[in-house]
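One letter stands for each residue in the lines below.
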Amino acid sequence: MRNSVFALFSLFGLPVLVFSGMSFMGHPLAFAAPALTHPFPLNFEWCVATAAHQIEGGNTRSDWWDWEKIPGNIKHGDTAAVATDSWHHMDRDIEMLRELHVTTYRFSVEWAKIEPLRGQIDPEAVLHYRLFVEKLRQAKIQPMITLQHFTLPQWFRALGGWEWEGAPEAFEAYTQVVQRQIAPDARYWVTINEPMVHLLGGYFLGNVPPQEKRKLKHVIPVMVGLLKAHARAYHALHHEAENRTHPLQIQVGMANHLRYFQAAKRFNPLDQFFAREFDLLWNWALPDSLRTGKLTLNVPALVHADIAISGLQGSYDFFGINYYTRDRTSSSLILKELFRSANTPPSAEAQALYSPENWESHPEGLEKLLLKTAHRFPGTPIFITENGIADAKDLKRPGYLRDHLLAIQRVVQNGAPVQGYCHWSLLDNFEWIHGYGPKFGLFEVNFNTQMTTPRMSARQFSKYAIQNGID
Ligand code: FCB
C-alpha cells in the first residue's frame, strides 16, 4: 500500500517527500527523497531471497548433511551445521525484513525437515514454519515459498531421487502438506530452484550430491522426473487454492538460473557457436518445456531428445529469473575442459570463472535476457527471483543493485511485465560448495555471535523499496 502511494506521488510529480525519524536497526533513517526519475510500477514487489539449508542450520536428514562433512567437498571444510542459525532467530530475520521494507520474502521450506522419514511428517517442523509465515503476515510481508532449493531428504535420494518412479507423487504429497498445513494463504510459489544448476552439479559435474558424472544424455531421465514432479506440484497447488470456500488466486513458477552468454572473441565463429548453443541448452530448454509440454534437446553430436510430459504444458504463472553475471564463451577453454579426463580437476582459469567473488557486474545481460523472456513467453509475468553480488566490503553492491534495477526499469518501460525483484540475499550465508567465503548479504553476519549489521546497500535497498523507485 505504502509503495503504491509513493508510486502514485511520483507519477504525478508531486513535490519532494521527506522521511524522517524512521528507525533503521536502531539508527534513525532520515533522508530527503527527491522526485523519482525512475518509478516502478504500482504493486511492484520488493523482495529478498534466502534458502533453508543456507541459513537454518540443523538440516540433519538432508542429502547434504553427511556429504558436506567429507573433506574436500566444501571450501575450507565449512558446513551448514549452524549457518546463520535462522531456525532459532526468526524474530531477528523478520526484523531485518521489516527494516528493508520488503513487500515479499522469498525463502524455502526444507522437505527433509518436514518429512524426515518417508511418509512421516514432523509436526514440530510444520509448526515452526507455520509460525514463521504467521509472523510474516503480521509484518505485512507476503511469503514466496520455494519448495525445493537444491537439498533433498536422504530417504528420497536413497530411493533414486527424481529418477525414482514415485518421485512426482512424493513431491506432490509434500507440496500439499506445505500448502495445507503451513501456508494456505500464500500467493507466490516456486516449485524448484534452478533445476539446471541442481542437475548440472549433481549429475554432470558431480560436485554436489549425488555426485555423479554422467554423459549428458543420461541426465535426461533425471530432468524428466523433476519436470513431472514440478507439474504435479503446480496442479496440486492450483487445485487446492481454487477449491477453497474463498478461492485464492495464486502464482506458481520455477526459478530459472539464466546466464548471458556472449562470445569471448566477438568475431570468432566457434565462440559464437558455443554462446548460441549454451543459451539454448542452459537458458531455454527447460523453461520451454513448460510452455510446449515437451522436453526438446538438440545439442549437435551430444544429445537429441523430444519427450512429451503429461501435465507439463502451461504449468507456470510467472517466469522466475535468477541472474548474476555474464559468461564469455571461449571455445579454447571449453574444448580444453570438455576433453580433460574425468579425474583431472578443472583448470585454474575455469575455477576462477565460476568463483562467485569473480562474477562481474553486467546489467545489460539481465536486460537482454528479460527482453528475450518477454518475447519467448509473451504476456507471462516475470519475477527476478534472485540477483546479487558477493562483496564483503560492500563497495560494488550499491552500484550493482542500482544498475540492475535500472536495467529492469528500462525493460518495464518497454512493456515487459516484470512484477518484482528479489535481492540475493537478506544476509551472508552458507554458499554451498564455496562455504562462507562469498558474502552476498544486505546484512553482514558475525558467525560467532549471529549478530547482524546492515551494510550500506541495505539502506539503499530500503530507500528504493519505500519510494518504489530510484532517484
Ligand atoms: C544461486 C543459488 C543460491 C545462491 C546464489 C549465490 O545459484 O540459487 O542459493 O547460492 O546462487
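Because the structure is a prediction, the values reported are computed rather than measured. Sequence order as written defines the numbering, with residues in each chain counted from 1. With pLDDT at 70 or above as the cut-off, local features in this predicted model cover only qualifying residues; side-chain atom pairs require 80 or more to be listed or tallied, and sums for whole chains, interfaces and linings still use all residues. Heavy atoms throughout the structure, all of them, feed into the side-chain values; hydrogens and water do not.

Peer 1: How should the nonpolar core be read in this particular structure?
Peer 2: What tends to happen in soluble globular proteins is that the nonpolar side chains get buried as a cluster. Only buried Ala, Val, Leu, Ile, Met, Phe, Trp, Tyr and Cys residues count toward a nonpolar core, and they belong to the same one when joined by side-chain atoms within 4.5 Å. Between buried and exposed lies partly exposed: a residue is buried under 20% and exposed over 50% of the maximum accessible area for its type, with that area taken using a 1.4 Å probe on protein chains only. Residues Tyr105, Trp189 and Phe461 are the most contacted members of the largest nonpolar core, which totals 106 residues. Only runs of H or I of at least four residues qualify as helices and only runs of E of at least two qualify as strands under DSSP, and these elements are numbered from the N terminus. Ranked by residue count, the leading element in this core is helix H10 (residues 220–242), at twelve residues. Cys47, Met144, Tyr188 and Tyr324 belong to the second largest nonpolar core, which has 17 residues in total.

Peer 1: How do you make sense of the pairing of strand S8 (residues 251–263) when you look at a structure like this?
Peer 2: Note on strand geometry: in a regular strand, side chains alternate between the two faces of the sheet. Judged by how many residues are buried, S8 sits mostly within the fold: twelve of 13 residues are covered. Judged from the four bridges that link them, strand S7 (residues 188–193) and S8 form a sheet pairing that is parallel. Among the inter-strand pairings, Trp189 is bridged to a residue of S8, identified as Val252. At least two bridges found by DSSP between two strands is the condition for calling them paired. In the sheet, S8 pairs with strand S11 (residues 319–329) via eight bridges, with the strands oriented parallel. Across the sheet, Phe261 pairs through a bridge with Asp327, a residue of S11.

Peer 1: Just to check I follow, could you spell out the pairing of strand S5 (residues 104–108) for this structure?
Peer 2: Summarising burial for S5: five of the five residues are buried, a large majority. Residues of S5 alternate between two faces, with Thr104, Arg106 and Ser108 on one and Tyr105 and Phe107 on the opposite face, all of them buried. For strand S4 (residues 45–49) and S5, the ladder comprises three bridges, and the chain directions are parallel. Bridging across to S5, Ala49 finds its partner in Arg106. The pairing of S5 with strand S6 (residues 142–148) spans five bridges and is classified as parallel.

Peer 1: Would you mind showing me how to read the side chain of Gln450 here?
Peer 2: Tracing the sequence through the fold places Gln450 in the loop between strand S14 (443–446) and strand S15 (451–454). Assessed through its relative accessible area of 9%, Gln450 is described here as buried.

Peer 1: In this structure, what is going on with the pattern of salt bridges? I would like to understand it.
Peer 2: Working definition: two side chains of opposite charge can pair if their charged atoms are close together. Every case where a carboxyl oxygen of Asp or Glu lies within 4 Å of a side-chain nitrogen of Lys or Arg is listed as a salt bridge. Following the criterion strictly, the structure yields 23 salt bridges and no others. For Asp327, the salt bridge goes to Arg259, with nearest N and O atoms at 2.3 Å. With Asp327 in strand S11 and Arg259 in strand S8, this pair connects stretches of sequence that are 68 residues apart. Looking at Asp327, the relative accessible area reads 8%, which means it is buried. Glu337 is the salt-bridge partner of Arg340, the closest N and O atoms lying 2.9 Å from each other. Residue class for Arg340 comes out partly exposed when judged on its relative accessible area of 28%.

Peer 1: Even after reading the chapter, I still don't get the site of the ligand, so can you show me in this structure?
Peer 2: Gln54, His149, Phe150, Asn193, Glu194, His257, Tyr324, Glu386, Trp424, Glu431, Trp432 and Phe440 make up every residue found near the ligand. N or O atoms within 3.5 Å of each other form a polar contact, as long as, within protein, one can give a hydrogen and the other can take it, and as long as residues adjacent in sequence are counted only when both atoms are side-chain atoms. The separation between an oxygen atom of the ligand and a polar side-chain atom of His149 is 2.8 Å. Take Glu386: an N or O atom from its side chain is 3.0 Å from an oxygen atom of the ligand. The accessible surface values rely on the Shrake-Rupley method and a 1.4 Å probe; as for residues, cover is taken only from the protein chains in view. If the ligand stood free it would expose 290 Å²; the protein chains cover 95% of that surface. The near set for a molecule or strand comprises every residue that places at least one heavy atom within 4 Å of it.

Peer 1: How should I be thinking about the sheet that holds S5 in this particular structure?
Peer 2: Adjacent strands of a sheet form backbone hydrogen bonds with each other and so pair up, either parallel or antiparallel. If you walk around this closed barrel you meet the eight strands as S4-S5-S6-S7-S8-S11-S12-S13, and the pairing is parallel. Here the strands of the sheet are splayed against their neighbours by 30° on average, with no regard to which way each runs. Sheet analysis places strand S12 (residues 382–386) next to strand S13 (residues 418–424), joined by three bridges and oriented parallel. Looking at S13, one finds that Ile382 is bridged to Val418. Convention adopted: a line fitted to C-alpha atoms gives each axis, helices being fitted over their contacting stretch, and angles between N-to-C directions are expressed from 0 to 180 degrees.

Peer 1: Would you explain unusual backbone geometry in this entry?
Peer 2: Following Pro209, the chain continues to Pro210 via a peptide bond in cis, the omega torsion being 5°. Residue position: Pro210 is located in the loop between helix H9 (195–205) and H10. With omega at 15°, the peptide bond leading from Trp424 into Ser425 counts as cis. Structurally, Ser425 can be placed in the loop between S13 and S14. The backbone phi angle of His101 is positive, close to 60°, even though this residue is not glycine. Its place among the elements puts His101 in the loop between helix H4 (90–100) and S5. For Glu194, which is not glycine, the phi torsion reads 40° and is therefore positive.

Peer 1: It is not clear to me how a nonpolar patch on the surface should be interpreted in this structure. Could you clarify?
Peer 2: Taken together, the side chains of Leu270, Leu335, Leu338 and Phe339 present a nonpolar region at the surface, about 410 Å² in accessible area. Judged by its relative accessible area of 69%, Phe339 falls in the exposed class. In this analysis, a patch consists of residues with relative accessible area above 30% that form no salt bridge, clustered at 9 Å for like charges and at 5 Å for the nonpolar side chains Val, Leu, Ile, Met, Phe, Trp and Tyr.

Peer 1: What should I look at first to understand H4 in this one?
Peer 2: Given 3.6 residues per turn, any residue in an α-helix points the same way as the ones three and four places further on. Most of H4 is tucked away, with eight of its eleven residues classed as buried. Downstream of H4 by a residue or two, His101 has a phi angle that is positive, lying close to 60°.

Peer 1: Is there a simple way to explain the packing of aromatic side chains in this structure?
Peer 2: Two aromatic rings are characterised by how far apart their centres lie and by the angle between their planes. For Phe, Tyr and Trp, where Trp contributes only its six-membered ring, two rings pair if their centres lie within 6.5 Å, and the inter-plane angle classes them as stacked under 30 degrees, edge-to-face over 60, or tilted in between. The tally for this structure, following the rule as stated, stands at 35 aromatic pairs. Ring centres of Trp46 and Phe461 lie 6.0 Å apart, and the angle between their planes is 85°; on these two criteria the pair is classed as edge-to-face. Linking Trp46 in strand S4 with Phe461 in helix H16 (residues 456–467), this pair joins segments that are 415 residues apart in sequence. Seen from their ring centres, Trp111 and Tyr174 are 4.8 Å apart, and the 10° between their planes marks the pair as stacked.

Peer 1: How should the packing of helix H6 (residues 123–138) against helix H8 (residues 167–182) be read in this particular structure?
Peer 2: Each pair of packed helices gets described by two things: the angle between the helix axes and the distance between those axes. Two numbers describe how H6 lies on H8: the axes approach to 9 Å, and their chain directions differ by 55°. The orientation of H6 with respect to H8, classified from their angle, is oblique. Considering only the axes of H6 and H8, their crossing is right-handed. In this structure, H6 uses Val126, Tyr129, Arg130 and Val133 to contact H8, whose residues at the interface are Val177, Gln181 and Ile182. Residues belonging to the contact of H6 with H8 are distributed by class as follows: five nonpolar, one polar and one charged. When an angle is under 35 degrees it counts as roughly parallel; over 145 it counts as roughly antiparallel; between 65 and 115 it counts as roughly perpendicular; any other value is oblique. With the far helix as reference, a near helix turned anticlockwise by less than a right angle produces a left-handed crossing, and one turned clockwise produces a right-handed crossing. Note on contacts: a residue pair is in contact if any heavy atoms of the two residues lie within 4.5 Å. Residues were grouped as follows: Ala, Val, Leu, Ile, Met, Phe, Trp, Tyr, Cys and Pro as nonpolar; Asp, Glu, Lys and Arg as charged; and all remaining residues, including Gly, as polar.

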